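# Structure at a glance
If you want the building blocks of each chain, they are given just below.
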Amino acid sequence: MERFLVGDTSEIVIGRGDVFNDLLPARAGREKIALLSQPGAAQVTDRIVSEIGRVACHVIPLPDRDSAKTLATAEMAYRTLADLGIGRHDTVVGVGGGAATDLAGFVAATYLRGVEAVYVPTTLLGAVDASIGGKTGVNLAGKNLVGVFSHPRRVVIDLDILDALPDQFRREGMAEALKAGLIGDRDLFAHIESTGLRSSLDVVVPRAISVKVGVVNEDFREAGKRAILNYGHTIGHAVELAGDWSHGNAISVGMVAAGFLGERLEGFDAALRQRQAIQRLGLPVRAENLDIRVVQGLLARDKKRDQSGLRMVLLRGISDPVVRPVPPDEIVGGLASIGIT
Ligand SMILES: NC(=O)c1ccc[n+]([C@@H]2O[C@H](COP(=O)([O-])OP(=O)(O)OC[C@H]3O[C@@H](n4cnc5c(N)ncnc54)[C@H](O)[C@@H]3O)[C@@H](O)[C@H]2O)c1
Ligand SMILES: [Zn+2]
């Protein structure tokens, strides 16, 4: 079992098999827990209910994926928590991928002005990214338009659950883990580079989490350093929207484009290695058939833009990120490097 602290009060527990013994932080007065459970995590939720003997468990099923991240679902959850008599000393547990933990965190942070939240991420992306860092929220006109910063009291990760995920889920999470290696842990990068999709999660999950925890502990509210977590995400988000791509696929081509720009503008000498590592994971390195005008239109809406260009995260080397403006003509070159012309 491995443990990390995020700030003073939030703990991440990583293990195999028997982790749910550690689900609930020791605290007096807790009588009930409400499990906000995603459809794909129903079996995990059943396991938690059968393994937690001491307190009353109530399961609140959530709609799947981002259809859980709505104010309507939050309202359904608040009303159910109130009907169940969940009080200040009780606990809300989010079980599922990032959509479930984002919603559960938001509900826990706002119900009764804040009750204890615990997350059980059941996707690799949830474990290495969404459940870490304290961002919670729901979608409205835009993604994550309404939310609060609030750390869960505990995040409990069972690597056996993550090892059983289908390959495409594993790839989605590995894309974020590779990003963590590129911005902050050269050994993690080298491990994924040499072992690909079958890289040991005992290595990948704690190391990727510790990169994110390190960044978040320095910069909780995104004033500065936290921006480096967006490596590959500027062009990646535009591709995600323009082509209706999955997030992991989109940030993979986003990282390839950022690698190309890093090589041109910052002397990054591992762009080829980065590209090969992405390919080895079975993630895409090109995004043909996208209309460059649509992609550029989406980039023009990016919040991180000023007269000198788009502010992007580039690498000077592995584990050596820099945030800098990239002029429009260079962006055109970056898009061309992934087949968007
Ligand atoms: N808060 C943050 O900092 C942060 C960071 C990154 C992403 N996110 C959010 O996370 C969400 C994406 O998370 P995600 O990729 O985990 O997807 P998801 O939560 O949408 O889940 C994807 C699918 O996986 C299924 N599933 C869950 N666990 C499973 C399991 N063990 N076996 C089989 N299927 C399972 C779910 O039912 C769902 O159909 C987005 O809403 C995104 O905005 C948040
Ligand atoms: Zn991401």
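The structure we're discussing is the one just above.
Right, let's walk through the structure included here.

Rules used throughout
- Residues numbered from 1 in each chain as written.
- Chains lettered and ligands numbered in written order.
- Predicted model: local features only at pLDDT ≥ 70, side-chain atom pairs only at ≥ 80, totals over all residues.
- Heavy atoms only, no water.
- Near = heavy atom within 4 Å.
- Polar contact = N/O pair within 3.5 Å; in protein donor to acceptor, adjacent residues only side chain to side chain.
- Areas by Shrake-Rupley, 256 points an atom, 1.4 Å probe, with all protein chains shown as cover.
- Helix = DSSP H or I, 4+ residues; strand = E, 2+ residues; numbered from the N terminus.
- Nonpolar A, V, L, I, M, F, W, Y, C, P; charged D, E, K, R; others polar.
- Buried < 20%, exposed > 50% of the residue type's maximum accessible area, 1.4 Å probe, protein only.
- Salt bridge = Lys/Arg side-chain N within 4 Å of Asp/Glu carboxyl O.
- Pairing = 2+ DSSP bridges.
- Axes fitted to C-alpha atoms, helices over the stretch in contact; angles between N-to-C directions.
- Contact = heavy atoms within 4.5 Å.
- Donors = N, O, S within 2.8 Å, 3.2 Å for Na, K, Ca; no water.

### Quick word on the site of ligand 1
- Around ligand 1, the structure places 22 residues, and the nearest of them are Asp 64, Asp 66, Gly 98, Thr 122 and Thr 123.
- One of the backbone nitrogen or oxygen atoms of Ala 130 is found 3.2 Å away from a nitrogen atom of ligand 1.
- When ligand 1 is considered free in solution it has 880 Å² of accessible area, and contact with the protein chains removes 81% of it.
- Looking at the shell around ligand 1, the elements with two or more residues in it are helix 3 (98–110) and helix 4 (124–130).
- In the shell around ligand 1, the residues fall into 6 nonpolar, 7 polar and 9 charged.

### So, unusual backbone geometry
- One non-glycine residue, Leu 112, lies in positive phi territory at about 50°.
- One can find Leu 112 in the loop between helix 3 and strand 6 (116–121).
- When its relative accessible area of 33% is taken as the criterion, Leu 112 is described as partly exposed.
- Positive phi, close to 70°, is recorded for Ser 319, a residue that is not glycine.
- Its place among the elements puts Ser 319 in the loop between strand 11 (309–317) and strand 12 (320–326).

### A few points about the pattern of salt bridges
- Within the structure shown, the criterion is met by 26 salt bridges.
- Between Lys 212 and Asp 129 there is a salt bridge, and its shortest N-O distance comes to 2.7 Å. Taken together, the residues span a long stretch of sequence, with Lys 212 in helix 8 (residues 201–218) and Asp 129 in helix 4 at a distance of 83 residues. Across this residue pair, the class does not change: Lys 212 and Asp 129 are buried.
- Residues Lys 225 and Glu 218 are paired through a salt bridge, measuring 3.3 Å at the closest nitrogen-oxygen approach.
- The exposure class assigned to Glu 218 is exposed, which follows from its relative accessible area of 57%.

### Looking at the sheet that holds strand 4 (residues 56–61)
- Judged by pairing direction, the sheet is mixed, and its 7 strands sit side by side in the order 1-2-9-6-5-3-4 without closing on themselves. Each edge of the sheet is formed by a strand with only one pairing partner; in this case those strands are strand 1 (2–6) and strand 4. The sheet shows a mean angle of 20° between the axes of neighbouring strands, taken without regard to direction.
- Here 5 bridges tie strand 1 to strand 2 (residues 10–15), and the two strands are oriented antiparallel to one another. Bridge pairing in strand 2 links Val 6 to Ser 10.
- Across the sheet, helix 1 (residues 42–51) touches strand 3 (32–37), strand 4, strand 5 (91–96), strand 6 and strand 9 (154–158), and the angle it forms with strand 3 is around 170°.
- In this fold helix 3 packs onto strand 3, strand 5 and strand 6, with an angle of close to 165° to the strand it touches most, strand 5.

### Observations regarding the coordination of the zinc ion (ligand 2)
- For the zinc ion (ligand 2), the protein coordination sphere consists of Glu 176 (OE), His 233 (NE2) and His 247 (NE2), at 1.9 to 2.1 Å.
- Classification of His 233 as buried rests on a relative accessible area of 7%.

### As for the side chain of Lys 69
- Among the secondary structure elements, Lys 69 is positioned in the loop between strand 4 and helix 2 (71–84).
- Residue contacts for Lys 69: discarding those within four places in its chain leaves Ala 99, Asp 102, Leu 103, Gly 137, Val 138, Asn 139, Lys 143 and Asn 144.

Taken by themselves, the reported measurements are silent on function.
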